[in-house]
Amino acid sequence: MRALSALFGRELSLAWGRGGGPLLALAFYAAVATLLPLASGREPERLAAIAPGVAWLALALSALLSLERLFERDYEDGALDLLSLGPIPLEAVAAIKCLAQWLATGAPLALAAPVAAIALGAPPAAAPLLFACALIGGLAFAFVGGLGASLALGSRRGGLLIAVIVLPLFAPPVIFGAGALSSLTAGLPWTGGFLLLCAYSTAAVGLSPFAMAAACRNALS
Amino acid sequence: MIPVPAFLANPQRFMVFSRWAAPMFGALAVALIAAGLWITFRVPEDYQQHDTVRIMFIHVPAAWLAMFAYLCLGIASLLGLVFRHALADMAAKAAAPLGAAFTVLALATGSLWGKPMWGTWWVWDARLTSVLVLLLLYLGYLALRASIDDETKAGRAAAILALAGLINLPIIHYSVEWWNSLHQGSSTFEADQGDRLPAVYLTPLLIMGLGYMSAFGSLWLVGIRAEVWRRRARVLSLQQAGG
């Protein structure tokens, strides 16, 4: 248990401290959320219609940002070798890494998402649901993204490759979350999409650590 | 282990088998597709879709094969991961570009059919989007394989990705039942009697389906054979360089 909490503390301080951490993710999120309305037209009616979707999509893109260093850093300096020999199974190591990643970048982004959506013209009533979707969807983004990061270990073009293999797997949570949000703003029942998003996140949290551990063992072998 | 892969797991036996099987499947594919196309232009026009109904005979089998190829990719990846068998890894490697090609064919013909029938090339509904995601999964698989130098590691990493993407297959299959979609539901095997295609359309569709299947089988075997020869050539050239 002490080993687990020590590892979690290490991962969290690495994710929080190095390379800008949440600040970088927030800045990227703000930049994407600024560019999208410039590209799609600035009329308030049109913006209000797409605001929740824009806020949600920018979230998925920002989640990609810090994935490249998630495993690569420890792979290069040999820490991953040590971790794979240590008492904690590699599955738990991978899960802790993703959890720390989620706490350091996903949670701050979940706070920023409703602000961006309201600034773009979404009704404030949608803010609580957007926050909940961003928090829960962020878990799926972190764990599925971690899977992509671990698969790309040892490849020649990490960052771009992670985006290519991870974005198709981001499609279901993006669809479910955006569906729930647009149903809410249209006054329709939104629980269906939200529960599907929760189901996807649960499956990602439950299954992807095993795949990540297999991918790390493969890269280390 | 499953009997057919177990029989073919021996590379020597596989090469002997595929040497004859690949051209035979190829000839079968040419015959079936030629016959299917011949019938395609002789079926009566649909009373609503007129001539465009003929696109179905190209489109529907391509969509079947797009999913079937991914299933083959998934099974080969699983066998390659569990048994660490080189031939299964080569089978997965050869299946991916074929599946991507069938997916592109299904998307392109579907959009050519959609324009006259639905009035639009593309809609973002569940069936179309999930097939597009299937294409992206194929592309991601190919990209991951191509960007890791060590062939064994690339194969295993790509196999893990292929298994993760397997979740998309049931989503595609049931997308027209779970969600309200512009795309119609199944009208072949699972459909109720009233929704099922009449035999005059169903027969050529099945002929085309079998033709596509043989074409896939033939090209798949050729692809695996080419991969076996490529690896042998690489080993030989390494030996020569070393010795």
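Definitions and cut-offs
- As a convention, each chain's residues are numbered from 1 in the sequence order in which they are written.
- Working convention: letters from A go to chains and numbers from 1 go to ligands, in the order in which they are written.
- For a predicted model such as this one, the threshold for reporting local features is a pLDDT of at least 70, and the threshold for listing and counting side-chain atom pairs is 80 or more; totals across whole chains, interfaces and linings nevertheless cover every residue.
- The side-chain quantities take in all heavy atoms of the structure and omit both hydrogens and water.
- For the purposes of this entry, the term helix denotes a DSSP run of H or I that reaches at least four residues, the term strand denotes a run of E that reaches at least two, and both are numbered from the N terminus.
- Here the radius of gyration uses the C-alpha set of atoms, whereas the globule reference equals 2.2 Å times the residue count to the power 0.38.
- Only protein chains enter the accessibility calculation, which uses a 1.4 Å probe; a residue whose area is less than 20% of its type maximum is buried, one above 50% is exposed, and one in between is partly exposed.
- Pairs of residues are marked as contacts when any of their non-hydrogen atoms sit within 4.5 Å.
- Only the protein chains shown count as cover for residues, and the accessible areas themselves come from Shrake-Rupley with a 1.4 Å probe.
- We count Lys and Arg on the positive side and Asp and Glu on the negative side, and we leave His and both chain ends out.
- Working definition for charges: the position is that of NZ of Lys, CZ of Arg, CG of Asp or CD of Glu.
- Only the stretch in contact is used when fitting a helix axis, every axis being a line fitted to C-alpha atoms; angles between N-to-C directions are given from 0 to 180 degrees.
- These descriptions rest on fixed angle ranges, namely under 35 degrees for roughly parallel, over 145 for roughly antiparallel, 65 to 115 for roughly perpendicular, and the rest for oblique.
- The handedness criterion is simple: a crossing whose near helix is rotated anticlockwise from the far helix by less than a right angle is left-handed, and one whose near helix is rotated clockwise is right-handed.
- The nonpolar class holds Ala, Val, Leu, Ile, Met, Phe, Trp, Tyr, Cys and Pro. Asp, Glu, Lys and Arg form the charged class, and all remaining residues, Gly among them, are polar.
- Throughout, the accessible surface (probe 1.4 Å) given up by two parts as they are put together, summed over both, is called the buried area.
- Whenever a nitrogen or oxygen atom comes within 3.5 Å of another N or O atom, the pair is scored as a polar contact, on the condition that within protein one atom can donate a hydrogen and the other can accept it, and that pairs from neighbouring residues in sequence are kept only if both atoms are in side chains.

Draft legend 1. A look at the overall build of chain A. Helix and strand counts for chain A come out as 9 helices and 0 strands. When the elements of chain A are put in sequence order from the N terminus, they spell out α-α-α-α-α-α-α-α-α. In terms of overall size, chain A behaves like a compact globule, its C-alpha atoms giving a radius of gyration of 18 Å where 221 residues would be expected to give roughly 17 Å. If one aligns the C-alpha atoms of chain A with their principal axes, the spans along those axes are about 55 × 30 × 30 Å. Per-residue burial for chain A yields a buried fraction of 51% across its 221 residues. Within chain A, counting contacts between residues at least 6 apart in sequence, those at least 24 apart form 81% of the total. Of the roughly 9,600 Å² of accessible surface on chain A, 72% is carried by carbon and sulfur atoms. One way to put it: in chain A the 11 positive side-chain charges average out to a point 1 Å from where the 10 negative ones average out.

Draft legend 2. A look at unusual backbone geometry. Residues and elements named next belong to chain B. A positive phi angle, near 50°, is found at R84, a position not held by glycine. Topologically, R84 is positioned in the loop between α3 (56–83) and α4 (86–118). For R84, a relative accessible area of 62% translates into the label exposed.

Draft legend 3. Structural detail: the packing of helix α3 (residues 44–64) of chain A against helix α6 (residues 90–119) of chain A. Residue and element names in this part refer to chain A. Contact pair α3 / α6: the axes reach a minimum separation of 9 Å and the direction vectors enclose 150°. Between α3 and α6, the angle falls in the class roughly antiparallel. Here α3 runs over α6; the crossing is right-handed. Counting all contacts with α3, which are made through A51, A55, L59 and S62, the residues of α6 involved are L109, A113 and A117. A breakdown of the residues in the contact of α3 with α6 according to their chemical character gives 6 nonpolar, 1 polar and no charged.

Draft legend 4. The arrangement of the interface of chain B and chain A in detail. Taken together, the contacts link 19 residues of chain B with 23 residues of chain A. Taken over both partners, the interface formed by chain B and chain A buries close to 1,600 Å², and the fraction arising from carbon and sulfur atoms is 73%. Summed over the three residues of chain B that lose the most area to chain A, namely S147(B), K153(B) and I160(B), the buried surface amounts to 32% of that side. On the surface where chain B and chain A come into contact, there are 3 residue pairs in polar contact (both at pLDDT 80 or more). Mapped onto the side of chain B that touches chain A, the elements with two or more residues apiece are α5 (126–147) and α6 (151–165) of chain B. The element that contributes the greatest number of residues to the side of chain B that touches chain A is α5(B), accounting for 9 residues. Of the residues that constitute the side of chain B that touches chain A, the class distribution is 12 nonpolar, 4 polar and 3 charged.

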